[in-house]
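Remarks on the overall topology
Residue-level listing of the chains:
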Amino acid sequence: MTTTDLTAHALKVGGVLNRTFGKKGEHYVNVVGGFELRKRTSESSNYRRLGYNDELLTYQLFDEQTLAKNGIYGWNGWHRYYADSYNSFSYRDNREVSYYGSAVYTYDARYTLSGTFRVDESNLFGAAKKYRRNPLWSVGMSWNVHNEDFFHSNVINRLTTRVTYGLTGNFDRSGSSTPLLTVRRNFNSAIGAYYARVSNAPNPKLRWERTKTLNLGVEAELFHCLALSLEYYDKRSYDLLGNIQLDPPLGFDGEYINGANMWNKGIEAQLNAKVLERQDFQWFVNFVFGYNKNKITNNNISDGNPAYNRTHAVTEFVKGYPREALWSYRWAGLDENGNPQTYDAEGNKTRTPVAESIECNGTYRPKYSGSLSTDFKYKNILLSFAFVYNFGHVFRIAYPTMNPLEGTADLSAFVAKRWQKPGDENKTDIPATLTWESYDGMRQHLASYSSNSVRKGDFIRLREITLNYELPSQLIKKTPFSRVSLTAQANTVWMWTKNKEGFDPEVVDPIHGTLGLSEAPSFTLGLRVEF
């Protein structure tokens, strides 16, 4: 039986000042300030009773210490007893305080200056109190060029430029970066008592993750029917959190440190256009485009086994490569017995990968993404199409390990293409079924994490089609309704993808290849009435 109690309290106090002044009202000021207090507690208990009688609603008592010494025999001959697997209790108290403020000043609807600040503090971060509080801020300015006396254009109806610069931050709210005393009911028969442990190693130098961001933007309207927006951003992140291994005699296997820096840049663009307008017909287009590129510029976390850690995403940062880099073993085909191979440092085929055996296949985060929607309106009929797209990324598909001892009932269709006889290595890249003679520790990793399992992630999806018809007001004039409309909608009806298997890149784990279920096509009919 498990019980969980959640309690949340919040207090928010703030003020707002809006004022317009001047002879012609050319000055405008907006000021916001306040603070927030938040407290969230979570308390849970888990009980298990042995010898339970469902009819009498009773259970049997037993001596846990005696049972822990002798254990409970299992099917495999092991005998052990972990009390915390039967009875467990947890309590978490998360307290946060925030101070915030912002100010905006506009002169003559032309020039605007703005600034914001925020200070956040949490009890669930780090070991040093002075690093739990981090001031965040931003400053910016914008210029409405179209309101200037010298600006006259029959083409550009509106033109605004803006620039902002600021510091943002993030911290780990899970509590895994905070030294906690965790009491577990594990019985140590050597000392005849239960014991407690510290769950996380203390790091008094741990600080927030922080990002300095520069934004440059411009907005324009042309011919009263075309709106454009373009923004460039440059983000320099530093003190990124990462986990390092510690010397076991210290009592911990790892701890969090501020281990890496990252450079992130990109552009975002949006276009809204009234393409065509006639007496009863209108055509609208909305296009959104985004480009992003990032790179790790510094990394202080060492990697003791890159051949395994990078391909299995254990390594969090690699200097000079994207944060979401996808690593694989360089595929060298199957040998004459159907075993997977890679290349060693000298370029020779081998079944034992080394650091030089791996390569970066790209990033699993799309470099280009966006959407396209278009509306056609004829009198009271509206037809809409909405597309989304992602390009420039890669993902891994799940190749079978061909290990019959994995104990899973799920078999991939690729199993039918496995190596079965000499010569098959020339026409397939699915290994032979594992035998004791061909077993080695890296065989299944080469089978599933080599470059032959990487695919392009480009796709275009027709997300939605909507057809709406609104009844003319003359038809409902004598009814109690003020408005009646009929809607037919189809979702997720078509997708183009670049990978040859036709897998949906949005539902595949890009690192391990685990395949999820795509959103099924759906169709909806609706009636809306207003009184």
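Above this text sits the structure in question.
The following paragraphs examine the structure supplied in this document. (Residues numbered from 1 in each chain as written. Predicted model: local features only at pLDDT ≥ 70, side-chain atom pairs only at ≥ 80, totals over all residues. Heavy atoms only, no water.)

Within the protein chain, the secondary structure is distributed over 3 helices and 25 strands. Counting across all 531 residues of the protein chain, residues that qualify as buried make up 35%. Taking contacts inside the protein chain between residues at least 6 apart in sequence as the whole, the part at least 24 apart equals 66%. When the accessible surface of the protein chain is summed, it comes to about 31900 Å², and 55% of that surface belongs to carbon and sulfur atoms. (Helix = DSSP H or I, 4+ residues; strand = E, 2+ residues; numbered from the N terminus. Buried < 20%, exposed > 50% of the residue type's maximum accessible area, 1.4 Å probe, protein only. Contact = heavy atoms within 4.5 Å. Areas by Shrake-Rupley, 256 points an atom, 1.4 Å probe, with all protein chains shown as cover.)

Counting residues in each nonpolar core, the largest one holds 11 residues, listed as Ala-201, Leu-240, Ile-244, Leu-246, Phe-252, Ile-257, Ala-260, Met-262, Ile-296, Ile-301 and Phe-317. The element contributing the most residues to this core is strand S13 (residues 254-277), with 3 residues. Leave out the neighbours within four places in its chain, and Ile-244 touches Asp-253, Gly-254, Glu-255, Ile-257 and Ile-301. (Core = buried A, V, L, I, M, F, W, Y, C linked by side-chain atoms within 4.5 Å.)

Attention now goes to the pairing of strand S15 (residues 325-329). Within a regular strand, the side chains alternate between the two sheet faces. Summarising burial for S15: 5 of the 5 residues are buried, a large majority. The two faces of S15 match: Ala-325, Trp-327 and Tyr-329 on one face and Leu-326 and Ser-328 on the other face are all buried. Here 4 bridges tie S15 to strand S18 (residues 358-363), and the two strands are oriented antiparallel to one another. Looking at the pairing, Tyr-329 lines up with Ile-358 of S18. (Pairing = 2+ DSSP bridges.)

A few words now on the packing of aromatic side chains. Applying the stated criterion to the full structure yields 11 aromatic pairs. Aromatic side chains Phe-376 and Phe-385 sit 6.5 Å apart centroid to centroid with 80° between the ring planes, which places their arrangement in the edge-to-face category. The class of Phe-376 is partly exposed, set by a relative accessible area of 26%. A ring pair is formed by Tyr-399 and Phe-414, whose centres lie 5.0 Å apart and whose planes are at 40°; its orientation type is tilted. In this pair, Tyr-399 is assigned in the loop between strand S21 (394-396) and helix H3 (443-448) and Phe-414 in the loop between S21 and H3, connecting sequence segments 15 residues apart. Considered together, Tyr-399 and Phe-414 belong to a single accessibility category, that of buried residues. Put simply, the rings of Trp-283, Phe-376 and Phe-385 pair up and form one aromatic cluster. Sitting over the face of the ring of Tyr-233, Lys-235 holds its NZ or CZ atom 5.3 Å from the ring centroid. The ring centre of Trp-327 lies 4.8 Å from the NZ or CZ of Arg-310, which sits over that ring. (Phe/Tyr/Trp six-rings, centres within 6.5 Å; stacked < 30°, edge-to-face > 60°. Lys NZ or Arg CZ within 6 Å of the ring centre and 35° of its normal.)

Before going further, it helps to examine the environment of Tyr-233. For Tyr-233, the location among the structural elements is in strand S12 (residues 226-245). Take Tyr-233: its relative accessible area is 8%, and that puts it in the buried class. Sequence spacing of Tyr-233 and Thr-164 is 69 residues, and the spatial spacing of their C-alpha atoms is 9.5 Å. Sequence-distant contacts of Tyr-233, defined by excluding residues within four places in its chain, comprise Leu-214, Asn-215, Asn-264, Lys-265, Gly-266, Ile-267, Glu-268, Tyr-291 and Asn-292. At 2.9 Å, the side chain of Tyr-233 and the side chain of Asn-292 are in polar contact. (Polar contact = N/O pair within 3.5 Å; in protein donor to acceptor, adjacent residues only side chain to side chain.)

Taken together, the side chains of Lys-293, Lys-295, Lys-367 and Lys-456 present a region of like positive charge at the surface. Within the secondary structure layout, Lys-456 lies in strand S22 (residues 454-456). Overall, the relative accessible area of 47% leaves Lys-456 in the partly exposed class. (Patch = residues over 30% accessible without salt bridge, like charges linked within 9 Å, V, L, I, M, F, W, Y side chains within 5 Å. Salt bridge = Lys/Arg side-chain N within 4 Å of Asp/Glu carboxyl O. Lys, Arg positive; Asp, Glu negative; His and termini not counted. Charge placed at Lys NZ, Arg CZ, Asp CG, Glu CD.)

Let us now look at the pairing of strand S19 (residues 368-378). With 11 bridges joining them, strand S14 (residues 281-299) and S19 adopt antiparallel strand pairing. Each bridged residue has a counterpart across the sheet, and for Gly-290 the counterpart in S19 is Ser-369. Two elements, S19 and strand S20 (residues 381-391), share 11 bridges in a ladder whose sense is antiparallel. Note that in S20 the partner of Ser-373 across the bridge is Ala-386.

This paragraph deals with the pattern of salt bridges. All chains considered together, the criterion is met by 28 salt bridges. With a shortest N-O distance of 2.8 Å, Glu-506 and Arg-461 are connected by a salt bridge. Taken together, the residues Glu-506 in the loop between strand S24 (483-497) and strand S25 (522-530) and Arg-461 in strand S23 (residues 459-470) connect sequence positions 45 residues apart. The residue Glu-506 makes a salt bridge to Arg-463 at a minimum N-O spacing of 3.8 Å.

Attention now goes to the side chain of Thr-211. Take Thr-211: it is sitting in strand S11 (residues 209-222). With relative accessibility at 15%, the residue Thr-211 sits in the buried group. In terms of polar contacts, Thr-211 uses its side chain to reach the side chain of Ser-237, at 2.8 Å. Setting aside residues no more than four positions away along its own chain, Thr-211 makes contact with Gly-166, Leu-167, Thr-168, Lys-235, Arg-236 and Ser-237.

Here we take up the side chain of His-393. Relative to the assigned elements, His-393 resides in the loop between S20 and S21. Looking at His-393, the relative accessible area reads 6%, which means it is buried.

For Phe-171, the position within the fold is in the loop between strand S8 (156-170) and strand S9 (181-188). Take Phe-171: its relative accessible area is 5%, and that puts it in the buried class. In sequence terms Phe-171 and Trp-208 are 37 residues apart; their C-alpha atoms lie 5.3 Å from each other.

This next bit is on the environment of Ala-269. Considering the arrangement of structural elements, one finds Ala-269 in strand S13. Its relative accessible area of 23% is what places Ala-269 among the partly exposed residues. Discounting chain neighbours no more than four positions away, the residues touching Ala-269 are Ser-229, Leu-230, Phe-287, Val-288 and Phe-289.

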